[in-house]
Structures are given as C-alpha cells and as structure tokens.
Amino acid sequence: MAKDTSSNETYQDDMSFIPPSVISDRLLSGDSYAYYTPCPAAITTRATTSTGEAVESTSCVLGVDEAGRGPVLGPMVYGAFYLPIDLHLSLLAQEHSFDDSKVLTPAVRANLMRLLNTPGQTLYESCGYAIKVLSARDISAGMMKPKTAVYNLNAQAMDATIEIIRGVVEDRQVDVREVYIDTIGNPATYQQKLEKIFPTMKITVAKKADSLYPCVSAASVAAKVTRDVALEVMYEDVLRAQQLETNSIAPEGWGSGYPSDSKCVGWLRRNMDPVFGWGNECRFSWGTAKEMLENKGGARIDWPDDDEEGAGRLNEFLLSGSGKSAGQNGLRDWYGSRQAEII
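Residues numbered from 1 in each chain as written. Predicted model: local features only at pLDDT ≥ 70, side-chain atom pairs only at ≥ 80, totals over all residues. Heavy atoms only, no water.

Trainee: How should I be thinking about the overall build of the protein chain in this particular structure?
Mentor: A tally of regular secondary structure across the protein chain gives 14 helices and six strands. Within the span of the protein chain, comprising 343 residues, buried residues form 44% of the whole. Here the analysis covers contacts within the protein chain between residues at least 6 apart in sequence; of these, 68% occur between residues at least 24 apart. Split by element, the accessible area of the protein chain, about 18500 Å² in all, is 51% carbon and sulfur. (Helix = DSSP H or I, 4+ residues; strand = E, 2+ residues; numbered from the N terminus. Buried < 20%, exposed > 50% of the residue type's maximum accessible area, 1.4 Å probe, protein only. Contact = heavy atoms within 4.5 Å. Areas by Shrake-Rupley, 256 points an atom, 1.4 Å probe, with all protein chains shown as cover.)

Trainee: Explain the side chain of threonine 226 here, please?
Mentor: In this structure, threonine 226 sits in helix α10 (residues 214-246). Within polar-contact distance, the side chain of threonine 226 engages the side chain of serine 21 at 2.7 Å. (Polar contact = N/O pair within 3.5 Å; in protein donor to acceptor, adjacent residues only side chain to side chain.)

Trainee: I keep staring at the packing of helix α7 (residues 153-171) against helix α8 (residues 187-197) and nothing clicks. Help me out?
Mentor: Packed helices, taken two at a time, are described by the angle between their axes plus the distance between the axes. Closest axis-to-axis distance for the α7/α8 pair is 12 Å, and the angle between their directions is 35°. At the point where α7 passes α8, the crossing takes the right-handed sense. Between α7 and α8, the residues in contact are Met158, Thr161, Ile162 and Arg166 and Tyr190, Lys193, Leu194 and Ile197, respectively. Considering only residue class, the contact of α7 with α8 consists of five nonpolar, one polar and two charged. (Axes fitted to C-alpha atoms, helices over the stretch in contact; angles between N-to-C directions. Left-handed = near helix turned anticlockwise from the far one by under 90°. Nonpolar A, V, L, I, M, F, W, Y, C, P; charged D, E, K, R; others polar.)

Trainee: Help me understand helix α6 (residues 136-143) in this model?
Mentor: Within an α-helix, residues lying three or four positions from one another point in the same direction, as the helix has 3.6 residues per turn. If you check which residues of α6 are buried, you get Ala136, Ile139, Ser140 and Gly142. Taken down its axis, α6 places every buried residue within 160° of arc, on the same side. Where α6 is buried, its residues touch β3 (76-84), β4 (128-134) and α7. (Arc of directions from axis to C-beta.)

Trainee: Would you explain the confidence of the model for the protein chain in this entry?
Mentor: When pLDDT is low, close inspection of the predicted coordinates is not appropriate. Confidence in the prediction of the protein chain, expressed as mean pLDDT, is 84, and 78% of residues score 70 or more. Note that pLDDT drops below 50 for residues 1-12; the model gives that stretch 21 contacts with residues more than four away or on any other chain. Under a pLDDT of 50 for its full length, residues 317-328 has, in the predicted model, twelve contacts with residues more than four places off or in other chains. (pLDDT = per-residue confidence, 0-100.)

Trainee: Looking at this structure, how should I read the pattern of salt bridges?
Mentor: Should the charged atoms of two oppositely charged side chains come close, the side chains can pair. Following the criterion strictly, the structure yields twelve salt bridges and no others. Across the salt bridge formed by aspartate 31 and arginine 137, the nearest N and O atoms sit 3.2 Å from each other. Placement of the pair is aspartate 31 in the loop between α2 (24-28) and β1 (33-36) and arginine 137 in helix α6, with a sequence separation of 106 residues. The residue lysine 224 makes a salt bridge to aspartate 228 at a minimum N-O spacing of 3.3 Å. In this pair, lysine 224 and aspartate 228 both sit in helix α10, four residues apart, roughly one turn of the helix. Accessibility expressed as a relative area gives 22% for lysine 224, which makes it partly exposed. (Salt bridge = Lys/Arg side-chain N within 4 Å of Asp/Glu carboxyl O.)

Trainee: Before we go on, may I ask you to explain the packing of aromatic side chains in this structure?
Mentor: Geometry of an aromatic ring pair is reported as the spacing of the ring centres plus the angle between the planes. Considering all chains together, one arrives at six aromatic pairs under this definition. Taking the centre distance of 6.1 Å and the plane angle of 50° together, the rings of tyrosine 35 and tyrosine 129 count as tilted. Taken together, the residues tyrosine 35 in strand β1 and tyrosine 129 in strand β4 connect sequence positions 94 residues apart. Here tyrosine 35 falls in the buried class, since its relative accessible area comes to 17%. Taken together, the aromatic side chains of Tyr235, Trp254 and Trp267 make up a single cluster linked through ring pairs. The aromatic ring of tyrosine 36 is capped on one face by arginine 172, whose charged end is 3.7 Å from the ring centroid. (Phe/Tyr/Trp six-rings, centres within 6.5 Å; stacked < 30°, edge-to-face > 60°. Lys NZ or Arg CZ within 6 Å of the ring centre and 35° of its normal.)

Trainee: I keep staring at the layout of surface pockets and nothing clicks. Help me out?
Mentor: The gaps left among the atoms become clear once a water-sized probe is rolled over them. When its volume is computed, the second largest pocket comes out at roughly 420 Å³. If you go around the second largest pocket, you meet 23 residues; those closest to its centre are Asp65, Glu66, Lys102, Asp182 and Asp210. Breaking the lining of the second largest pocket down by element, the ones donating at least two residues are β2 (60-67), β5 (176-182), α9 (209-212) and α10. Tallying contributions element by element places β2 first for the lining of the second largest pocket, with four residues. Of the residues belonging to the lining of the second largest pocket, the class tally is six nonpolar, seven polar and ten charged. (1 Å grid on protein atoms, 1.4 Å probe; cavity = no way out; pocket = protein on both sides within 12 Å on 5 of 7 lines; lining within 4 Å. Points joined across faces, edges and corners; volume = space filled by probe spheres on them.)

Here you go:
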C-alpha cells in the first residue's frame, strides 16, 4: 500500500474527492457519457515521429469491470484500466494492493482513485482508465422498448465494454496486447464475441476476474468510486430541489440504491409522483419501480396510438396548413402566436 494511505485523516480527505469521471451536468441531465484519462507518461502509443519513423509502442494490459448492474437508482458504470504489462503485478498487486472493489473499504477505494488522478503519483504516471456511465434513464429506455426492439441490459453492457476498449485502443492508439474481463453470463460465449471484434488481442473472460487479475480489480475500483460519487451528486441535487420546494429539511437519504435496501425502497415510496414517478435517477424498467407505480397509487395515463381510429398524429397539430385561420392551427397557437417584428 502506498505511504499516503496510512492515516485516517488522509482517508477522510479522500472520501470527499470527486474524480474527473463524475461529470455533474451530464449526470443530472440524465445523459450517458464516456470519460478517458490522458494517456500516462509511461506509455508510448502507436504513433510516429514527425519524420515518419515508427516509434516502438508500450505493450499494455487492460482490464474491464462494472459497478451498479443491479440498483434501481443511479447509473451503471463500466471501467477499463490499462498499464504496461511489465508493471501489472508489481505496481497494482504488490505496491498498491488492488483487489475486488467489494472487499475494499470505501476509504481505501477513494484513496486509490485519488492517487490515480494525482500528477506525480506512480499510478497517475503509469496507468490510464476509461469510464462509461450508462444513465438510469437510458438503461430503462432501452429495456422498455417494444419486444422486437428491446435493448436488454446484457446488450447494453457488451456495447459499453466494446466502446471503452475501442476508445483506448483505436482512438488513443494504446498498444493493448492482453485484455481481462469480468464476465456477463457465459464466459466462453462472451469471450468469443470479443475475440471476433478484437482479433489481435489475447482476451480472457472469467468469473470473479476482479479477484484474479489486478487490472480488473483496478477497473472495478474506478467504476465503483465513480458510481458512488455519482449517486451522491444526484442525491444532493434531489435534496436541494426538495428543500427549495418545501422549505424544510428532507428525510433521511436513499441508501445504496439497491431494491434490497429498505432505505432505498422507503425513499422511492415517499418521493413517488403519481404520474411521473421519479426523475432521471430511477430505472423505471426495474420491477421495484414498476410495481410501485402500478400498485402504490400511480395514476394510469392512456395515450392514443398513432394508428388508433380517430386519433390524429402529433405532427398534424404542430404543422399548420396554408390558408387556415389562427383558430385552426391547433397546438401552434396554444403555445402562442408570432408577433410582428419590431423595427
């Protein structure tokens, strides 16, 4: 473990550290997004000199893991972590004791994340990481599509994995030779899919990879800390809105965001709008949210289908025909009429 992880005071400071992978405005608007650290100084990418002479690139190893697959609140976060192969064990396992994020305390995870983002630290100078944040809104939008077009969670997870690997290997030209991934479903099937997409890499997909391979452990830490801080940022925003609306202090928080957490379920019940449910923080496709809306007082709204007899299309209201009077222009005039230009 690095020297600056020894004091409780340092740990406490690290708990308030907001990593650059947490982009508050994107989170609060319900967007999914990707974040990439600068390529570390210890890694030479597949580049060329100004004279065209090839530069020998640094052979790297990359690990992928996720955090927040199961919660009803907050995003699911995928992390990819890479560094030179010859530093894989010595730097991550021996010097900094990376492990599956679930067995590390929040303070230890936060401290490791701070070191990863502090110039001058060995981890910062030698390692890079990428983060893909899949918002609760986008997860639900994909899962609640019509049956023939459903974008399920496994497909979203696979696409997130492919995106951040490509972002490191193709966009940032990092010479990744070995990839280790914590599995989704059947490891062999998952591995075969990735080998077809990245045929030049040695890919290993395994259960409990976050405990077996240090680069996957580090990816799990980056993903977990990003999700935890993102959840705090989102809750603080909800809390501010409640305080402005009621001019009072809101009740206790929403817990871990998991359906098994009574604190989370209690928060959902107390803060459910009968029509709109919740905000961008909630995965409406989760059974917990669906059941609550259907059985705990949610108002049912039936919207007419486009092909329903007698139901006009929305664009028929929005697009006005020529020669129609102002009273016949439907929603256009409901929103207001254009005024004459003032000269």
